[in-house]
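Residue-level structural notes
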Amino acid sequence: MARTDSTDSTDGTDSTDGTDGTDGTDNRNGAGSSRRTFIAGAGAAATAGALGAAGALAAPAQAAPARAGRAAPEATGRRVAVLGGGVAGLTAAHELAERGYAVTVYERRALGGKARSMDVPGSARGGRRPLPAEHGFRFIPGIYHNLPDTMRRIPFPGNAHGVWDNLVAPPEMMFARAGGREDLRAPIPWPGHSAAGLTPDEVRRALTGFLQSLVRLPVHESAYFADRVLVFLTSCDERRNEVWEHTPWWQFVRAAQMSNEYQRILAVGITRNIVATKAEEASTRTVGTLGEAFVLNALGRGADGPPDRILNLPTNEAWIDPWEAHLRSLGVEFKLGWTVQEVQYGSGRVSGVAVLDPAGARQTVTADHYVSALPVEHARRTWSAGLRAADPMLGRCDLLQTDWMTGIQFYLTERAPLVHGHLNCIDSPWSLTAIQQAEHWPARDFPAHYGDGVAVDCLSVDVSDWDKPGILYGKTAKQCTREEVAREVWSQLKASLNDTGKTLLTDRTLHSWFLDPGVDGLGTPNPTNQDQLLIHPTGTFHNRPSADTRVPNFFLSGDYVAVDIDLATMEGANASARAAVNALLDRDGSAAQRCAVLPMYRAPELESFKRHDLWRHRLGLRNAFDLG
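Residues numbered from 1 in each chain as written. Predicted model: local features only at pLDDT ≥ 70, side-chain atom pairs only at ≥ 80, totals over all residues. Heavy atoms only, no water.

Turning our attention to the overall build of the chain. When you go through the chain residue by residue, the secondary structure sums to 17 helices and 24 strands. Classification of the 628 residues of the chain by burial places 61% in the buried group. In the structure as shown, the chain presents an accessible area of about 22200 Å², 54% of it carried by carbon and sulfur atoms. (Helix = DSSP H or I, 4+ residues; strand = E, 2+ residues; numbered from the N terminus. Buried < 20%, exposed > 50% of the residue type's maximum accessible area, 1.4 Å probe, protein only. Areas by Shrake-Rupley, 256 points an atom, 1.4 Å probe, with all protein chains shown as cover.)

The structure is reproduced here in C-alpha cells:
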C-alpha cells in the first residue's frame with residue numbers, strides 16, 4: 001500500500017475531495033412546515049425524425065457481456081495512491097487492483113462522492129434504518145457503456161450480472177407545466193418494457209397537454225429545429241470541434257427569435273436538464289452530442305439498456321457498499337477522513353502528497369504512482385507550483401467552470417399520485433427535476449425499513465438553477481436560508497403539479513425534508529457548495545486535460561478529464577479512470593491487459609454525410625443542410 005510518513009505541521013492549501021459524508025445537520029422541518037433527467041420529449045421527437053430521414057435504422061445493439069472480476073490478482077509490488085474516493089477513484093482502484101497493484105484510496109469524507117446516498121441524522125426509530133438521502137437522484141441511461149461494464153463486475157448476492165442487475169427502468173416520464181397548462185406525460189418505449197397504465201382521465205390530460213404544446217409551438221419553428229438537428233447530426237468532427245464548440249446552443253437554434261414555448265422546451269429545457277448549464281452559454285457541441293446519443297438510445301441504437309434507468313435501492317445499498325466490499329476483497333486499502341492538501345513535485349516526478357490525517361496531523365503519502373481523482377475545483381488547489389510548471393495542461397484546468405446542481409429530499413406520509421418515473425418542472429424558475437423513490441425499491445417496504453414508520457416515500461428533487469429568483473420569496477436559492485430553500489422548492493413543485501384541477505402534493509402529507517449538507521452559508525453573503533458540477537460553456541472542450549500528464553508518475557481521473565462523452569457524468573468519471581490506468585500501465589511497462597475504454601455509439605449511416613461535410617468544412621462552406 002502507499003506509505004505514509006509523519007512530517008511537521010506546516011500549513012498547506014486545504015482542499016476537499018468533493019464528496020459528502022454521513023455528517024451534517026438534521027434539516028427536517030419538524031411539524032411538516034438531480035440528477036439529471038433525459039432529453040426533452042419534443043427535442044427527441046424532432047431528432048428522431050431527422051435521423052430517420054438520414055438513413056434506415058439498423059437492429060438494436062446488444063449489451064456487452066458481463067466480465068468476471070479477477071478475485072486473485074498477481075501482485076506487482078507496485079504501490080498506487082488514489083486521491084479521492086468518488087466514482088473516478090473507485091474505478092481506478094478497481095482496475096488497478098485487478099491488475100495486481102497495491103492501492104490505497106485517500107478520501108476525506110465518504111466513498112461514492114456525489115453518487116452516494118447518505119443517512120438523515122437522527123431520523124431512525126424503532127430499529128429502522130435512517131431515512132435515505134442523496135446529493136441528487138441517480139440516473140444511468142443506456143448511452144453509458146463503461147460504467148455498466150464496471151457494475152457487472154461488482155458482485156451482488158443473487159444477481160447474475162452483479163450490481164448491474166440492480167438497474168431498473170421507469171416506464172414513463174413527464175414534463176410538468178405551470179400556469180394551468182396540462183402536463184406532458186409520455187411512456188418510455190423499450191423492448192419488453194411495460195408502459196404504465198393509463199386511466200381515461202390521464203389519456204384526456206395527455207392529449208390536452210400535447211395539443212396545447214402543438215398549438216403554441218408554431219409549425220415553422222418545429223421545422224426549423226428539426227433542420228438544426230439534422231445539421232448537427234451530419235456535421236463532421238472538425239466542424240463540431242472548431243465551430244459548434246464555440247457556438248452557444250441558444251444561438252445555434254436561434255432561440256431569441258422564437259416563441260416562448262420553443263425557448264422553454266427546445267432551448268432552456270434541454271440544456272438545463274442534460275448539461276446543467278445555461279442555454280445562452282452551453283456549447284452546441286456538448287448539447288448536440290448528448291442529444292444525439294439519447295435519441296439513438298431511444299431508437300435502440302448502440303444502447304446498453306433503456307434510455308432511463310435508476311437503481312432499485314438507495315445508491316449505497318445497491319452499488320457503493322458492495323463495491324467497497326469487493327475492492328477490499330481485492331486488497332484495496334481505504335483511508336477515510338484523510339484530506340489531500342498538496343501534490344508535491346521534485347526531481348521530475350511527484351515526490352509525495354501532503355495530507356491531513358483524521359486527527360489533523362500533517363503527513364506525507366508516498367507511492368510509485370499517483371492518480372488524482374478529486375473533482376476539478378478541489379484537485380487544482382492541490383497542484384503545487386512545480387507540478388503545474390512541469391505540465392502546462394494543468395494550468396488550463398483553471399479555466400474550467402463549475403455550478404450548483406444539488407438535491408433536496410421531501411419525505412411524505414402518503415404516496416403522491418405522480419408519474420411513474422422522472423418529472424421535469426419545465427416552467428419552474430429553479431429548473432426542478434424529481435422522482436418519487438419508493439415504488440422503484442420493491443425490496444424495501446419504505447415505512448417498515450426507514451425512519452419512524454410514518455414517512456412512506458421520498459420525493460427526491462434536483463435544483464439546477466440557484467441564481468434565479470423564486471416564486472415565494474423573490475430570492476435566488478443562494479440568497480435563501482435552508483428552510484426558505486425547502487419551502488420555495490415545495491412551492492414550485494406545487495405550482496407545477498397542482499395547477500390543472502388535481503391536487504397531487506399537499507402540505508398535510510409533508511413529513512420532513514433534507515438538503516444536501518455539502519451546501520453551507522445559505523442566506524449569507526458567502527454561500528458555499530462543496531459538491532459542484534462541471535458545466536460546459538463554449539470553449540470548455542479545449543481546456544479539458546487528458547488522463548496522462550507530462551509527469552511520469554502522475555495521472556488524472558474525474559468527470560472533467562477529456563473522454564468521449566464530453567459531459568460531467570459518472571460515465572465520464574469511469575471512462576477517465578480507465579484511461580488513467582491505461583496510461584499508468586504504459587508508463588510502468590506492464591504486460592497487463594489494458595482497460596477497455598468504450599466510445600459513444602456512432603450511427604454508421606451518418607458517416608457518409610459527415611465525410612461530405614468534412615470536405616465542405618475545409619472549403620469554408622456551410623453544412624449542406626444548414627439553412628442559416
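Attention now moves to the packing of aromatic side chains. Applying the stated criterion across every chain, the model contains 13 aromatic pairs. Taken together through their ring pairs, the aromatic side chains of Phe225, Trp244, Trp249, Phe252 and Tyr262 make up a single cluster. The positively charged end of Lys475 is found above the aromatic ring belonging to Tyr473, 5.9 Å away from the centroid. When the ring centre of Trp404 is taken as origin, the NZ or CZ atom of Lys478, which lies over that ring, is 4.9 Å away. (Phe/Tyr/Trp six-rings, centres within 6.5 Å; stacked < 30°, edge-to-face > 60°. Lys NZ or Arg CZ within 6 Å of the ring centre and 35° of its normal.)

Residues three or four positions apart in an α-helix share a direction because the helix packs 3.6 residues into each turn. Helix length check: helix 17 (residues 607–618) (12 residues) gives 17 Å between terminal C-alpha atoms against 16 Å at 1.5 Å per residue, within 8%. Buried positions along helix 17 lie against helix 5 (219–233), helix 6 (237–242) and helix 9 (284–298). Gly620 sits one or two residues past helix 17 and shows a positive phi near 80 degrees. (Expected span 1.5 Å × (residues − 1). Contact = heavy atoms within 4.5 Å.)

To continue, consider the pairing of strand 11 (residues 339–346). Bridge count for strand 11 against strand 12 (residues 349–356) is seven bridges, and the pairing is antiparallel. Directly across from Thr339, in strand 12, lies its bridge partner Leu356. Here strand 11 hands over to strand 12 after two residues, with Ser347 in that stretch at a positive phi of 55 degrees. (Pairing = 2+ DSSP bridges.)

In this section: the environment of Ala133. Examined against the element boundaries, Ala133 turns out to sit in strand 5 (residues 132–134). Separated by 182 residues in sequence, Ala133 and Thr315 place their C-alpha atoms 9.5 Å apart. Once residues lying within four places of it in the same chain are set aside, the contact partners of Ala133 are Ser117, Met118, Val120, Gln409, Tyr411 and Phe514.

As enumerated under the stated definition, the model contains 36 salt bridges in all. Salt-bridge contacts for Glu261 lead to Arg177; the nearest nitrogen and oxygen are separated by 3.0 Å. One end of the pair, Glu261, is in helix 8 (residues 260–274); the other, Arg177, is in the loop between strand 7 (172–176) and strand 8 (184–187), with 84 residues separating them in the sequence. Among the residues examined, Glu261 registers a relative accessible area of 4% and is labelled buried. Judged by relative accessible area, Arg177 falls into the buried class, the value being 2%. Arg301 is the salt-bridge partner of Glu605, the closest N and O atoms lying 2.8 Å from each other. Remark: Arg301 occurs in the loop between helix 9 and strand 9 (310–311) and Glu605 occurs in the loop between helix 16 (570–588) and helix 17; sequence separation between them is 304 residues. Each member of the pair, Glu605 as well as Arg301, is classed as buried. (Salt bridge = Lys/Arg side-chain N within 4 Å of Asp/Glu carboxyl O.)

What follows covers the sheet that holds strand 7. One open sheet accounts for seven strands, arranged 8-7-17-18-19-16-20; its pairing is mixed. This sheet does not close on itself; its edge strands, each paired only once, are strand 8 and strand 20 (510–515). Neighbouring strand axes in the sheet, compared pairwise and without regard to direction, differ in orientation by 20 degrees on average. Strands strand 7, strand 16 (406–412), strand 17 (423–425), strand 18 (432–436), strand 19 (457–463) and strand 20 of the sheet are contacted by helix 15 (residues 482–497), whose axis makes an angle of about 75 degrees with strand 16. (Axes fitted to C-alpha atoms, helices over the stretch in contact; angles between N-to-C directions.)

With that settled, the discussion passes to the nonpolar core. Counting residues in each nonpolar core, the largest one holds 86 residues, and the members touching the most others are Met151, Trp319, Trp383, Phe554 and Tyr560. Take this core: its biggest share by element is nine residues, from helix 16. Ignoring sequence-local partners within four residues, the contact set of Tyr560 consists of Leu374, Pro375, Val376, Ala379, Trp383, Cys397, Leu400, Leu534, Arg544 and Pro545. Formed by 33 residues, the second largest nonpolar core is a distinct cluster that contains Ala176, Ile408, Val419 and Leu497. (Core = buried A, V, L, I, M, F, W, Y, C linked by side-chain atoms within 4.5 Å.)

Strand order in this open sheet of five strands is 10-3-2-14-24, and the pairing throughout is parallel. The sheet is open, and its two edges are formed by strand 10 (333–336) and strand 24 (554–556), each paired on a single side. Within this sheet the neighbouring strands show an average axis-to-axis angle of 20 degrees, counted without direction. Sheet analysis places strand 2 (residues 79–83) next to strand 14 (residues 369–372), joined by four bridges and oriented parallel. Residue pairing for strand 14: Leu83 is matched across the bridge by Ser372. Packing against the sheet, helix 16 makes contact with strand 2, strand 14 and strand 24, and its axis sits at approximately 160 degrees to strand 24.

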